[in-house]
Amino acid sequence: MYSDESETNIIGSSEIKKMVFASLFAAMTAIGAYMKIPIGPVPITFQVLFVFLAGSILGKKWGTLSMIVYILLGVAGLPVFAGGASGIGVLFGPTGGYIIGFVIAAFVIGLLTERVKSAGLVLNSLYMVIGLIIIYTLGATQLMIEAQLEPIEAIMSGVAPFVIGDLISILIATYITTKHEL
Amino acid sequence: MHSFFFNYVPGNSLIHHLDPRTKLLAVMVASIFIFNAETFLELVTIAGFFVIIAFISGVNYSIFLKSLRPMSLFFIFLFFIQLFLSEGKPIFTIGFINPTYEGLITGLQITTRFIFLILFASILTATTQPVMITSGIERLIRPLPLKYIGVSSFDIATMMSLSIRFIPLLFDNAKKIQYAQMSRGMDFKNNIFKSFSSVAVPLIMSTKRTAQDIAIAMESRCYQGIYRTSLFELEMKNADWIVLLGISIMVLLFMFLI
């Protein structure tokens, strides 16, 4: 079983650390679905905060992988999706686009952060906004197609209620990314 | 302790003994079928399949219904959006409110479809331990060209196991820190932001330490993302092949009939 192929991707020591942290971020994204601050009609949750942090702290490779692991945890039956849902069904359902958006957003944020060494607050927050737009676009598109909604309805029900909470998440994530490194 | 976190119900049925790979593939095929179901007849057939499979699994129906609870508000919301915002023949009109027959039908169609997507997935999770599903996923993604990304399917399986362990750990730590802060006079009811940071900061620091310890432990034990034997070795039995054959026949029939 120890074939040549598998020996080419032996993981180095700094990679192991990133791998453990990627698993940790997957777990934190899962818990983010339960962390609620009950303000306003829609409680603020912190899932996207960890998506942004995974992308910006771990970089494109491990950030993306941590989100893939998060999805696989849900597939394996742990109630890690928003509201405590689980299973492959959620991915195919109307809200699945947001979850798939997490992966792509983490990838894009990782890609952008890796391009510029030690970006400032403004640049970092710009990256996060791009990531958020990706999540919203994919999420609202799948919601629109599967629930057969008009674009406006999809935005009103799938984007507008979460904007304030997610902007707060962006602020926190930008602050942490700019101040701290792994 | 964290039994609420796992939906697994121990049992001894045919479904319990199937290989996780078979069940994963079956749920994916079922999801595609449900996704494409349009007519009333198709939805009833799907419901029939669910009742039969759930009966064979011997798991109490209430377990499956419990899996719907997190999404229930969303179902209702989707249904009412369709009912009130679709255009078509009105059922009745009071001011702005005019539900339509077309809306009623699409609303029912969409919500039942979504309900069955979740129900079928819950059969998988109710009859298979998360560890087994992890091994199943690992085996299924092994042929993918993951080496171009620089990981192996074993790495992903390890990461999943690590995350599964991290979740209860984070919950426990958060509880401990919360009690510790309360015993120091923190008022969690009236001071939302301060209490949040009073838990979050120590939690993140302690978790970071744990993660670093794990990384060092893995490194000193020479972790390499290559083939490892598992405590739960997977084995395709005759029953698995029969189920897969049945699924393939159904898919072929469906493709040629419609």
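Computed from a predicted model, the values in this text were never measured in an experiment.

### A look at the overall build of chain A
Then, number 1: The secondary structure content of chain A amounts to eight helices and two strands.
Then, number 2: In sequence order, the secondary structure elements of chain A are arranged as α-α-β-β-α-α-α-α-α-α.
Then, number 3: Contacts spanning at least 24 positions in sequence make up 65% of the contacts within chain A whose residues lie at least 6 apart.
Then, number 4: Per element, the accessible surface of chain A, about 7,400 Å² overall, is 69% carbon and sulfur.

### What to know about the overall build of chain B
Then, number 1: If you tally the helices and strands in chain B, you get ten helices and zero strands.
Then, number 2: The C-alpha atoms of chain B give a radius of gyration of 24 Å, which is well past the 18 Å a tight globule of 258 residues would have.
Then, number 3: Overall size of chain B, expressed as C-alpha extent along the three principal axes, is 65 × 60 × 40 Å.
Then, number 4: In chain B, which comprises 258 residues, the share counted as buried stands at 41%.

### Considering the domain arrangement of chain B
Then, number 1: Under the domain assignment, chain B is made up of domain 1 (1–128 + 234–258) and domain 2 (153–227).
Then, number 2: Measuring from the centre of the C-alpha atoms in domain 1 of chain B to the corresponding centre in domain 2 of chain B gives 35 Å.

### Let's talk about the environment of Lys89(B)
Residues and elements named next belong to chain B.
Then, number 1: Assignment of secondary structure puts Lys89 in the loop between helix H5 (72–85) and helix H6 (101–127).
Then, number 2: Linking Lys89 and Thr22, residues 67 residues apart in sequence, is a C-alpha distance of 45 Å.
Then, number 3: If sequence neighbours within four positions are ignored, Lys89 has contacts with Pro99, Thr100, Tyr101 and Glu102.

### Examining the nonpolar core
Then, number 1: The biggest cluster of nonpolar side chains holds 109 residues, and the ones touching the most others in it are Phe52(A) and Tyr70(A).
Then, number 2: In terms of residues, this core owes the most to one element, helix H3 (residues 47–75) of chain A, which gives 17 residues.
Then, number 3: Residues from two domains meet in this core; each of domain 1 (1–128 + 234–258) and domain 2 (153–227) of chain B gives at least three.
Then, number 4: In this structure, Phe52(A) is in contact with Ile109(A), Met128(A), Gly131(A), Leu132(A), Ile135(A), Ile170(A) and Ala173(A), ignoring residues within four places of it in sequence.

### Topic: the environment of Phe52(A)
Residues and elements named next belong to chain A.
Then, number 1: Take Phe52: it is sitting in helix H3.
Then, number 2: Relative accessible area serves as the criterion here: at 0%, Phe52 is assigned to the buried category.
Then, number 3: C-alpha separation for the pair Phe52 and Ile172, spaced 120 residues apart in sequence, amounts to 9.8 Å.

### Brief notes about helix H5 (residues 96–115) of chain A
Then, number 1: Taking 1.5 Å as the rise per residue, H5(A) with 20 residues should run 28 Å; its terminal C-alpha atoms sit 29 Å apart, in good agreement.
Then, number 2: Among the 20 residues of H5(A), 14 are classified as buried, and the element is accordingly described as predominantly covered.

### What to know about helix H8 (residues 153–183) of chain B
Then, number 1: Between the first and last C-alpha of H8(B) there are 45 Å, a value that for 31 residues agrees with the 45 Å anticipated at 1.5 Å per step.
Then, number 2: Remark: Gly185(B) follows H8(B) within two positions and exhibits a positive phi of approximately 95 degrees.

### Examining the interface of chain A and chain B
Then, number 1: Contacts between chain A and chain B engage 59 residues on the former and 62 residues on the latter.
Then, number 2: Between chain A and chain B, a total of about 5,400 Å² is buried, with carbon and sulfur atoms accounting for 80% of that surface.
Then, number 3: Seen at the junction of chain A and chain B, the total is zero salt bridges.
Then, number 4: Counting across the interface, chain A meets chain B through two residue pairs in polar contact (both at pLDDT 80 or more).
Then, number 5: Of the residues forming the side of chain A that touches chain B, the biggest block, 14 residues, is contributed by helix H2 (residues 13–32) of chain A.
Then, number 6: The residue makeup of the side of chain A that touches chain B, split by class, is 38 nonpolar, 15 polar and six charged.

### Some details on the packing of aromatic side chains
Aromatic ring pairs: the centre-centre distance and the angle between the two ring planes describe each pair.
Residues and elements named next belong to chain B.
Then, number 1: As enumerated under the stated definition, the model contains nine aromatic pairs over all chains in all.
Then, number 2: Taking 5.5 Å as the distance between ring centres and 75 degrees as the angle between the ring planes, the aromatic pair formed by Phe50 and Phe64 counts as edge-to-face. With Phe50 in helix H3 (residues 40–57) and Phe64 in helix H4 (residues 61–68), this residue pair connects regions lying 14 residues apart in the sequence.
Then, number 3: By relative accessible area, Phe64 is classed as buried at 1%.
Then, number 4: Here Phe75 and Phe114 contribute two aromatic rings whose centre-to-centre distance is 5.2 Å and whose plane-to-plane angle is 85 degrees, an arrangement assigned as edge-to-face. Of this pair, Phe75 sits in helix H5 while Phe114 is found in helix H6, placing the two residues 39 residues apart along the sequence. Each of the two residues, Phe75 as well as Phe114, counts as buried.

The rules we used
Residues numbered from 1 in each chain as written. Chains lettered and ligands numbered in written order. Predicted model: local features only at pLDDT ≥ 70, side-chain atom pairs only at ≥ 80, totals over all residues. Heavy atoms only, no water. Helix = DSSP H or I, 4+ residues; strand = E, 2+ residues; numbered from the N terminus. Contact = heavy atoms within 4.5 Å. Areas by Shrake-Rupley, 256 points an atom, 1.4 Å probe, with all protein chains shown as cover. Rg over C-alpha atoms; globule rule 2.2 N^0.38 Å. Buried < 20%, exposed > 50% of the residue type's maximum accessible area, 1.4 Å probe, protein only. Domains from an automatic or database assignment. Core = buried A, V, L, I, M, F, W, Y, C linked by side-chain atoms within 4.5 Å. Expected span 1.5 Å × (residues − 1). Buried area = accessible area lost by both parts, 1.4 Å probe. Salt bridge = Lys/Arg side-chain N within 4 Å of Asp/Glu carboxyl O. Polar contact = N/O pair within 3.5 Å; in protein donor to acceptor, adjacent residues only side chain to side chain. Nonpolar A, V, L, I, M, F, W, Y, C, P; charged D, E, K, R; others polar. Phe/Tyr/Trp six-rings, centres within 6.5 Å; stacked < 30°, edge-to-face > 60°.

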